[in-house]
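# Notes for the structure review
Take a look at the letters that make up each chain.
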Amino acid sequence: MSDYKDIIRKPETLNWFKAAMGMNITRHCLLDIVKDATQELYDTIRKEINRKYGILEHVVCSQCHTPNVLPCDTDNKCCHYKYGSCAFHDIHKSQHCRANLCNEMCKEIVYHHRFRNRSKSKSFQGPTWENTDARKWCADPWNIAKCYLSKDGYKDVNKADDADFNGMVNVLINCEFFQMYFKDDLTQKENVCTKARDVGREVRHAPAMSMISQDSDRAIDTLVALLQSL
Ligand SMILES: [Zn+2]
Ligand SMILES: [Zn+2]
């Protein structure tokens with residue numbers, strides 16, 4: 001292996017670094033949007049529950065655990081039956097929230113998930129219930145956003161500031177509520193967000209932390225397109 005000082009000076013290393021910095025800057029720009037929009041999503045969910053069931057927005061609950069409000073069903077990816085019982089629902093059984101609130105919030109979180117209707121034959125890609133704590137839904141809307149993150153690596157990410165680029169982009173892709181912040185049509189299979197996610201993967205997984213300039217230029221163009229679509 002050549003000397004690390006030579007590696008740092010190599011144009012391919014600098015290209016990779018530029019793309020990685022581009023991701024970092026993009027993440028910073030998205031962070032404020034994700035924070036504001038998450039609060040807005042919570043407010044929208046509460047308005048909808050008020051409209052449907054007359055539960056006022058100042059009513060809050062911090063008693064319901066996620067298994068309490070999530071119906072027992074293996075499609076939700078949390079429930080696994082062993083010897084006839086479900087480990088996820090072993091301690092906290094399904095039950096109705098005393099404030100008549102959390103079960104409805106659970107349904108609204110599903111309603112805002114882009115892939116809620118994927119047919120059962122394919123694997124269900126709805127909310128990531130493992131990541132969230134339903135007791136915090138009213139106090140900390142980030143726990144609602146966590147339902148739209150991918151399953152792995154985010155359980156202990158307890159605030160938006162701690163989410164990485166990939167997590168941020170996944171929330172934008174998976175939660176339909178974020179469409180209103182973008183000019184681009186996020187229902188398209190390929191859109192500014194999915195392209196940014198793919199570019200992010202290429203940069204993260206670039207072997208030897210190096211990229212040819214065509215690839216790093218394309219990565220930066222993709223990130224710029226995402227920001228220009230806001
Ligand atoms: Zn279960
Ligand atoms: Zn509750």
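In case you missed it, the structure is sitting above this.
Here's a quick rundown of the structure. Only a predicted model underlies this, so the values are computations on that prediction, with no experimental measurement involved.

### As for a nonpolar patch on the surface
Residues Phe17, Met21 and Ile25 make up a contiguous nonpolar surface patch of roughly 290 Å² in combined accessible area. Structurally, the position occupied by Ile25 is in helix α2 (residues 11-53).

### A closer look at the coordination of the zinc ion (ligand 2)
Around the zinc ion (ligand 2), the donor atoms from the protein are Cys61 (SG), Cys64 (SG), Cys97 (SG) and Cys102 (SG), and they sit 2.3 Å away. What the four donor atoms of the zinc ion (ligand 2) show is an angle range of 103 to 114 degrees at the metal, which sorts the shape as tetrahedral. Donor residues for the zinc ion (ligand 2), ordered by position in the chain, follow C-x2-C-x32-C-x4-C. Remark: Cys102 occurs in helix α4 (residues 102-111) and Cys61 occurs in the loop between α2 and α3 (66-69); sequence separation between them is 41 residues. In this structure, Cys61 and Cys102 share a single accessibility class: buried.

### Re the nonpolar core
With 58 residues, the main nonpolar core has Met105, Trp137, Ile144 and Cys193 as its most contacted residues. Elements supplying a minimum of two residues to this core: α2, α4, α5 (142-145), α6 (165-174), α7 (192-204) and α8 (213-228). With 11 residues, the single largest contributor to this core is α2. Apart from residues lying up to four places away in sequence, Trp137 is in contact with Tyr42, Val69, Cys102, Met105, Cys106, Ile109, Trp129, Thr132, Asn143 and Ile144.

### Observations regarding a negative patch on the surface
Residues Asp32, Asp36, Glu40, Asp43 and Glu57 make up a contiguous surface patch of negative charge. With respect to the element layout, Asp36 can be found in helix α2.

### Section: the coordination of the zinc ion (ligand 1)
At the metal site, the zinc ion (ligand 1) is ligated by Cys72 (SG), Cys79 (SG), Cys86 (SG) and His89 (ND1), and these contacts range over 2.1 to 2.3 Å. Angles of 103 to 114 degrees at the metal separate the four donor atoms of the zinc ion (ligand 1), which places the site in the tetrahedral class. Sequence positions of the donors to the zinc ion (ligand 1) reduce to the motif C-x6-C-x6-C-x2-H. With Cys72 in the loop between α3 and β1 (81-82) and His89 in the loop between β2 (85-86) and α4, this pair connects stretches of sequence that are 17 residues apart.

### Overview of the side chain of Asn131
In this structure, Asn131 sits in the loop between α4 and α5. Residue Asn131 is classed as buried on the basis of its relative accessible area of 3%. Residues contacting Asn131, with those up to four places away along its chain left out, are Asn143, Lys146, Leu149, Ser150, Lys151, Tyr154 and Lys155.

### A few points about the packing of α7 against α8
Pairs of packed helices are described in terms of their axes, by the angle between the two and the distance that separates them. Between α7 and α8, the shortest axis-to-axis distance is 9 Å and the interhelical angle comes to 145 degrees. As for the relative orientation of α7 and α8, their crossing is left-handed in sense. Contacts between α7 and α8 pair Val192, Cys193, Lys195, Ala196, Val199, Glu202 and Val203 from the former with Arg218, Ala219, Thr222, Leu223, Ala225 and Leu226 from the latter.

What counts and how
Residues numbered from 1 in each chain as written. Chains lettered and ligands numbered in written order. Predicted model: local features only at pLDDT ≥ 70, side-chain atom pairs only at ≥ 80, totals over all residues. Heavy atoms only, no water. Patch = residues over 30% accessible without salt bridge, like charges linked within 9 Å, V, L, I, M, F, W, Y side chains within 5 Å. Areas by Shrake-Rupley, 256 points an atom, 1.4 Å probe, with all protein chains shown as cover. Salt bridge = Lys/Arg side-chain N within 4 Å of Asp/Glu carboxyl O. Helix = DSSP H or I, 4+ residues; strand = E, 2+ residues; numbered from the N terminus. Donors = N, O, S within 2.8 Å, 3.2 Å for Na, K, Ca; no water. Tetrahedral: all angles 85-135°; square planar, octahedral: opposite > 155°, others 65-115°. Buried < 20%, exposed > 50% of the residue type's maximum accessible area, 1.4 Å probe, protein only. Core = buried A, V, L, I, M, F, W, Y, C linked by side-chain atoms within 4.5 Å. Contact = heavy atoms within 4.5 Å. Lys, Arg positive; Asp, Glu negative; His and termini not counted. Charge placed at Lys NZ, Arg CZ, Asp CG, Glu CD. Axes fitted to C-alpha atoms, helices over the stretch in contact; angles between N-to-C directions. Left-handed = near helix turned anticlockwise from the far one by under 90°.

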